[in-house]
Amino acid sequence: AYEIYQCDWSSDVCSSDLLTIGIDSSGSVGEQELSQFHAEMVRLHNMGIDLTVIECDTEVKNVFKFDPKKPFQVNGRGGTAFAPVFEYIDKNKLETDGLIYFTEGECWNENIKKPKYPVLWALTAPFRLDASITFGSKTKVEVNKRVKR
């Protein structure tokens, strides 16, 4: 797995033990990308970080505590919207030290207010994010074709 969790994206999250993971479960995210997202979550879990996963296409489809021993099956596969993940965190007062959002980045004209917690956009190729998203750091996730879920 390609290591995306790096302390330079926010010093507040370097000592984090509680992160939220946003998973883009839209139809434009391929199976290899989803497998890589899972591999990255396993890596974070193995670092002792507690992960709450929010799966979302145009709406939140599933929320769960990550357990690498359980099968990783995504729900959704429709269009793409990032805002519902942020809205879910706020509405449910989800305790988090930061959000890592795994996506290929294909979503346009989102109106998302910058959250109080740090955000890392973990992007697969072509490593772009719509200009309407003006907050957070970006990192590239290399998709390893040999990674299986």
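Located above this text is the structure these notes cover.
Calculation notes
- Residues numbered from 1 in each chain as written.
- Predicted model: local features only at pLDDT ≥ 70, side-chain atom pairs only at ≥ 80, totals over all residues.
- Heavy atoms only, no water.
- Salt bridge = Lys/Arg side-chain N within 4 Å of Asp/Glu carboxyl O.
- Buried < 20%, exposed > 50% of the residue type's maximum accessible area, 1.4 Å probe, protein only.
- Pairing = 2+ DSSP bridges.
- Helix = DSSP H or I, 4+ residues; strand = E, 2+ residues; numbered from the N terminus.
- Axes fitted to C-alpha atoms, helices over the stretch in contact; angles between N-to-C directions.
- Expected span 1.5 Å × (residues − 1).
- Contact = heavy atoms within 4.5 Å.
- 1 Å grid on protein atoms, 1.4 Å probe; cavity = no way out; pocket = protein on both sides within 12 Å on 5 of 7 lines; lining within 4 Å.
- Points joined across faces, edges and corners; volume = space filled by probe spheres on them.
- Nonpolar A, V, L, I, M, F, W, Y, C, P; charged D, E, K, R; others polar.
- Right-handed = clockwise from strand over helix to strand, strands pointing away.

Draft legend 1. Inspection of the pattern of salt bridges at higher detail. Counted by the stated rule, this structure contains four salt bridges. The partner of K61 in a salt bridge is D57, with the nearest N and O atoms 3.8 Å apart. Given the relative accessible area of 35%, K61 is considered partly exposed. Assessed through its relative accessible area of 3%, D57 is described here as buried. With a shortest N-O distance of 3.2 Å, E59 and K61 are connected by a salt bridge. Take E59: its relative accessible area is 44%, and that puts it in the partly exposed class.

Draft legend 2. Representation of the sheet that holds strand β4 (residues 99-103) within the structure. Across the sheet, six strands lie side by side as β3-β2-β1-β4-β5-β6; this open sheet has mixed pairing. Taken across any chain shown, the strands that pair with only one partner, and hence form the sheet edges, are β3 (60-65) and β6 (137-140). Strand-to-strand twist of the sheet, defined as the mean angle between neighbouring strand axes without regard to direction, takes the value 20°. Bridging between strand β5 (residues 119-123) and β6 involves four bridges; their strand directions are parallel.

Draft legend 3. Structural detail: helix α2 (residues 31-46). Helix length check: α2, at 16 residues, gives a terminal C-alpha distance of 23 Å against a target of 22 Å (1.5 Å per residue), a fit within 8%. Inspection of α2 places E33, L34, S35, Q36, F37, H38, A39, E40, M41 and L44 among the buried residues, and these make up the whole buried set. Looking at the buried side of α2, the elements it contacts are β1 (18-24), β2 (50-56) and β4. A positive phi of about 85° marks G48, the residue just after α2.

Draft legend 4. The arrangement of the layout of surface pockets in detail. In this model, the largest pocket occupies a volume close to 240 Å³. Contributing to the lining of the largest pocket are A83, F86, E87, D90, N111, I112, K113, K114, P115, K116 and Y117. Taken together, the residues of the lining of the largest pocket break down into five nonpolar, one polar and five charged.

Draft legend 5. Representation of the pairing of β5 within the structure. Judged by how many residues are buried, β5 sits mostly within the fold: five of five residues are covered. The side-chain alternation of β5 yields two buried faces, one formed by V119, W121 and L123 and the other by L120 and A122. As paired strands, β4 and β5 are joined by five bridges and run parallel to one another. When the sheet's bridge partners are listed, T103 is paired in β5 with L123.

Draft legend 6. Region of interest: helix α3 (residues 83-91). All buried positions along α3 are accounted for by A83, P84, V85, F86 and I89. Buried positions along α3 lie against β1, β2, β3, β4 and β5.

Draft legend 7. Geometry of the pairing of β2. In terms of burial, β2 is a largely internal element, six of the seven residues being buried. Pairing analysis gives seven bridges linking β1 to β2, with the strands arranged parallel. Residue pairing in the sheet places D24 in a bridge with C56 of β2. Between the parallel pair β1 and β2, the chain is carried across by α2, and the sense of this crossover is right-handed. Where β2 and β3 come together, five bridges link them in antiparallel fashion. Paired with C56 across the two strands is V60, which belongs to β3.

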